[in-house]
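Report on the structure
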Amino acid sequence: MAVGRFHDEIKIEGKSPLAKHARNLNNLREGVRTSMSEQAKSERLKTELITNVSHDLRTPLTSIITYTDLL
């Protein structure tokens, strides 16, 4: 996990203290994966919002500039 491999689950065998740590690491790995996925989704939505707002602002401005040039 330290090098960015969050898809490999740690195999758990038995009920030793190391097995408990392995379970905790698996839970942590899943939490990090979920967090990274949510962050990527948030970035996509932010980019889409900025693109849409930019387009909506640019379209009326283009019309206003065209009419101003005609006057």
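Quick summary incoming for the structure in this document. What you are looking at is a predicted structure, and each value in this text was computed from that prediction instead of being measured.

Now for the side chain of R29. Relative to the helices and strands, R29 is located in helix 1 (residues 17–70). Residue R29 is classed as buried on the basis of its relative accessible area of 5%. The residues touching R29, leaving out its near neighbours within four places in the chain, are M1, F6, H7, D8 and E9.

We now examine a nonpolar patch on the surface. A contiguous nonpolar patch, built from M1, I10, L25 and L28 and spanning about 310 Å² of accessible area, is present on the exposed surface. Here L25 shows up in helix 1. Note on L25: relative accessible area 35%, which makes it partly exposed.

Time to look at the environment of L28. Structurally, L28 is set in helix 1. Residue classification places L28 among the exposed positions, given a relative accessible area of 51%. Separated by 25 residues in sequence, L28 and V3 have C-alpha atoms that sit 15 Å apart.

For the rest of this paragraph, the subject is helix 1. A turn of α-helix holds 3.6 residues, and therefore any two residues three or four places apart point the same way. Between the first and last C-alpha of helix 1 there are 80 Å, a value that for 54 residues agrees with the 80 Å anticipated at 1.5 Å per step. Residues of helix 1 that are buried include every one of A19, A22, N26 and R29, and no others.

Take the side chain of N26 next. Mapping N26 onto the fold places it in helix 1. Not counting residues within four places of it along the chain, the set of residues in contact with N26 comprises E9, I10 and I12.

Glancing now at the pattern of salt bridges. Per the stated rule, a full pass over the model turns up 4 salt bridges. E30 is the salt-bridge partner of R33, the closest N and O atoms lying 3.8 Å from each other. On the criterion of helical spacing, the pair formed by R33 and E30 is a turn pair, its members being 3 residues apart in helix 1. Given the relative accessible area of 34%, E30 is considered partly exposed. Two residues, E43 and K46, come together in a salt bridge whose shortest N-O distance is 3.6 Å. Residue E43 and its partner K46 are located together in helix 1, separated by 3 residues, close to a single helical turn. The exposure class assigned to K46 is partly exposed, which follows from its relative accessible area of 44%.

Calculation criteria
Residues numbered from 1 in each chain as written. Predicted model: local features only at pLDDT ≥ 70, side-chain atom pairs only at ≥ 80, totals over all residues. Heavy atoms only, no water. Helix = DSSP H or I, 4+ residues; strand = E, 2+ residues; numbered from the N terminus. Buried < 20%, exposed > 50% of the residue type's maximum accessible area, 1.4 Å probe, protein only. Contact = heavy atoms within 4.5 Å. Patch = residues over 30% accessible without salt bridge, like charges linked within 9 Å, V, L, I, M, F, W, Y side chains within 5 Å. Areas by Shrake-Rupley, 256 points an atom, 1.4 Å probe, with all protein chains shown as cover. Salt bridge = Lys/Arg side-chain N within 4 Å of Asp/Glu carboxyl O. Expected span 1.5 Å × (residues − 1).

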